[in-house]
Amino acid sequence: MISITEEAPVVSGSSDVARRMARIADEISGPAADEVDQQGRFPSETISALRAEGLLSALVPRSLGGMGASYSDLSQGLVSMGRQCASSAMVVAMHHIQVASLVRHGRNDLLRNYMVELVDRQYLLASATTEVGTGGDVGSSVCAVDVADGTFRLEKQAPVISYGRFADGILATARRSADSPENDQVLALCRPLELELEQVGEWNALGFRGTCSPGFILRASGDAAAILDDPYGDVSTQTMLPVAHILWSSLWLGIASAAIDRARRFVQAEARKRPGMTPAAALRLADATALYQQFADLLRCSVARFEDIQDDPDRLSALGFAIAMNSLKVSSSTLVVDVVRQSMVICGLASYRMDTPYSLGRHLRDSIGASLMVNNDRIMGNNAQMLLVHRGE
Amino acid sequence: MDETIRDVLTEHGRLAVDAGSIDESTDLFASGMTSHASVNVMLALEDAFDIEFSEKMLRKSTFESIAAIRAGVLEMKDA
């Protein structure tokens, strides 16, 4: 069940969230983006700036001290951030996916109090949903929480925990008990002091280098009330999956937007050199712009689709909605690469070189990650399965 | 009818328990039925009872227990 129904988002207050995220993106994330990428380092300046403005609790309802921002405002903010630094935006998106899960599925006193604390201390939350031995299927777990005398213990081999080293808390999936089948999962909030991370390997990837995502052995314990009230299956269907696909798509749109900006400026610079002659690449720009519009409008509609039913667990659990949200992820992760590649064709060598105002190497590398993080083939496989029984809209 | 439902669950439910003897209110998803398996259960039920579940019946709750499945099948048979 969903619990964020206390109040409607305040329109003026929350569009402020998008504006403030855009300012931080332009002033802080952008200037650091190349260094974050080259050194594969955590974008600490962006997170500090968001913290200073209380933006890490943007999604927490006002009744708990947060901003009660809407998903469309957060989405807009992430487009701006993705435009400047995709790594920063990905960290911020993943954090808000965890906050959304807590806010919408954590009802007990401990979790409510934790959200108040999160607002106060501006905690950064990470996620440990994948596990060694499950073949990348986040819907099943090998590890189990061991609950005794009101305390849980958990040990998990996580092949990836993005920014695990820098997080103030980690939401981890596990089987409900040692006797539970692999898909009967819960989500446990693991907090410092009772959380130990042993790093396994390094994160040296083609893109999203600043997300700092190596593997870890996670060992945690804590009050059993830190296990979310709803089963992970419900959290995933009603919140994690749709919110993740919306927020990821937002920052991917930001990458595409940065690319098409460069392409447009390139064509316009060409046009200024020979007024009266339409540059050859202008036609390609028109093509790429149509593609970009598809992407932007798809995202806007998908955010609205979620917001329209966000407090209705039944409609959130419908096959048609799951198929639509999966399709969003697959489409936008494909569109981002298409827009970046077309923009590179428009800008030519100026985009291929690493030292021009039209460089798009980082954008291309980041964009390729989109279809691989939760592989599109796995997502399409899930849709294929659901379409065996779905009756259409 | 219950026997057919239990047969379908035995063949397609991939339960960690014996579908022939579980209580009719036992939570099937908590007993190991994945969403992938539940789709196969759904298809096999449609074939066995010559019905087609309507869109609004395609919910986790329709397939969460033998009792829920029976209610769903009866509703579709009456439709």
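Now for a description of the structure that goes with this document. Everything numeric in this text was worked out from a predicted model, so none of it was measured.

Attention now goes to the nonpolar core. The nonpolar side chains of a soluble globular protein tend to be buried, and buried together. Counting 116 residues, the largest nonpolar core has A:Leu50, A:Phe152, A:Leu154, A:Ile161, A:Leu218, A:Trp252 and A:Val336 as its most contacted members. Per-element tally for this core: the top contributor is helix H6 (residues 232–273) of chain A, with 18 residues. Leave out the neighbours within four places in its chain, and A:Leu218 touches A:Ala128, A:Leu154, A:Glu155, A:Lys156, A:Ile161, A:Ile170, A:Ala172, A:Cys190, A:Leu195, A:Glu196 and A:Leu197. Grouped together as the second largest cluster of nonpolar side chains are 30 residues, B:Ala37, B:Ala44, B:Ile51 and B:Ile66 included.

Attention now moves to empty space enclosed by the protein. Unoccupied space between atoms shows up once a probe the size of one water molecule is rolled over them. Residues and elements named next belong to chain A. Using the criterion set out here, one finds 1 cavity of 30 Å³ or more in the structure. If you add up the space inside the largest cavity, you get close to 40 Å³. Taken together, Ala-33, Val-36, Asp-37, Cys-85, Ser-87, Arg-362 and Asp-366 make up the full set of residues lining the largest cavity. For the lining of the largest cavity, the element with the highest residue contribution is helix H1 (residues 11–39), accounting for 3 residues. Looking at the lining of the largest cavity residue by residue, the classes come out as 3 nonpolar, 1 polar and 3 charged.

What follows is about the interface of chain A and chain B. Chain A puts 14 residues into the contact, and the matching count from chain B is 19 residues. It is A:Gln385, A:Val389 and A:Arg391 that lose the most area in chain A upon contact with chain B, and together they represent 42% of the buried surface on that side. Linking chain A with chain B are 4 salt bridges. Between A:Arg391 and B:Glu46 there is a salt bridge, and its shortest N-O distance comes to 2.3 Å. Counting the contacts that link chain A with chain B gives 8 residue pairs in polar contact (both at pLDDT 80 or more). By residue class, the composition of the side of chain A that touches chain B is 5 nonpolar, 5 polar and 4 charged.

Calculation notes
Residues numbered from 1 in each chain as written. Chains lettered and ligands numbered in written order. Predicted model: local features only at pLDDT ≥ 70, side-chain atom pairs only at ≥ 80, totals over all residues. Heavy atoms only, no water. Core = buried A, V, L, I, M, F, W, Y, C linked by side-chain atoms within 4.5 Å. Buried < 20%, exposed > 50% of the residue type's maximum accessible area, 1.4 Å probe, protein only. Helix = DSSP H or I, 4+ residues; strand = E, 2+ residues; numbered from the N terminus. Contact = heavy atoms within 4.5 Å. 1 Å grid on protein atoms, 1.4 Å probe; cavity = no way out; pocket = protein on both sides within 12 Å on 5 of 7 lines; lining within 4 Å. Points joined across faces, edges and corners; volume = space filled by probe spheres on them. Nonpolar A, V, L, I, M, F, W, Y, C, P; charged D, E, K, R; others polar. Buried area = accessible area lost by both parts, 1.4 Å probe. Salt bridge = Lys/Arg side-chain N within 4 Å of Asp/Glu carboxyl O. Polar contact = N/O pair within 3.5 Å; in protein donor to acceptor, adjacent residues only side chain to side chain.

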